[in-house]
Amino acid sequence: MSPLDRLRIQYYFLVIDRLLGELNERFPNELSDFAFLDPTHFSTVDGESRIHQLASRYEQLDADVVVGQWRLAHHFVPPGISVLEAYSQLPTSYVQLRFLYQVLLTLPVTTASVERAFSKLTIVKSKLRSTMSQDRLQALMLATVEKDILLGLDDSDLVARFASRADRRMML
């Protein structure tokens, strides 16, 4: 066995297996049913069954009605457009199909922003700051997460706005 083959077996395949496992864990197979709402997948063979399966997950939806609306949507939604354009071209009377599109459009693409916010929370809420109020915690989290916006503010403008609000001097 050559050193390259040994490297491939010991490291490369191990890393690929780990990545595939983590992708399958993070993005379960149930999410793949949403792909059939994309106009490019309208002509797939098992599209109707996958849409039926997707609609049956939501109690407020009638799966047969959703499948019927999905079939009729093929006639006025061209295949080369985006999901957002397809949603905007659906008639408002297709309430149940539009609901599935709304769910699809609000699914987060990644969890990076959520993970970033939680890592910032551990910085903001340390042992020294464990007794702060909820309002103060929210304000500090907002300032920490939106740091780029905060750094773009002009200090003199902030001081002028604060000073113009009200006279804060107290008589002793």
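Now for a look at the structure at hand. (Residues numbered from 1 in each chain as written. Predicted model: local features only at pLDDT ≥ 70, side-chain atom pairs only at ≥ 80, totals over all residues. Heavy atoms only, no water.)

1. Digging into helix α5 (residues 95-106)
- Across its 12 residues, α5 extends 16 Å between first and last C-alpha, which sits within 8% of the 16 Å expected from 1.5 Å per residue.
- For α5, every residue scored as buried is listed here: Q96, L97, R98, L100, Y101 and V103.
- Where α5 is buried, its residues meet α2 (47-55), α3 (63-73) and α4 (83-89). (Helix = DSSP H or I, 4+ residues; strand = E, 2+ residues; numbered from the N terminus. Expected span 1.5 Å × (residues − 1). Buried < 20%, exposed > 50% of the residue type's maximum accessible area, 1.4 Å probe, protein only. Contact = heavy atoms within 4.5 Å.)

2. Observations regarding the packing of aromatic side chains
- A full pass over the atoms with the stated rule returns 5 aromatic pairs.
- Relative to W70, the ring of F42 lies with its centre 5.8 Å away and its plane at 90 degrees, an arrangement referred to as edge-to-face. Placement of F42 in the loop between α1 (3-26) and α2 and of W70 in helix α3 is noted, with a sequence separation of 28 residues between them. For the residue pair F42 and W70, the accessibility class agrees, reading buried in each case.
- Relative to F99, the ring of Y58 lies with its centre 5.5 Å away and its plane at 85 degrees, an arrangement referred to as edge-to-face. Residue Y58 is located in the loop between α2 and α3, and its partner F99 is located in helix α5; the two are separated by 41 residues in the primary sequence. (Phe/Tyr/Trp six-rings, centres within 6.5 Å; stacked < 30°, edge-to-face > 60°.)

3. Examining the environment of P91
- Mapped onto the elements of the fold, P91 is located in the loop between α4 and α5.
- Judged by its relative accessible area of 27%, P91 is partly exposed.
- Spatially, the C-alpha atoms of P91 and F76 are 9.5 Å apart, while their sequence positions differ by 15 residues.
- Among all residues touching P91, those that are not within four sequence positions of it are F76 and R98.

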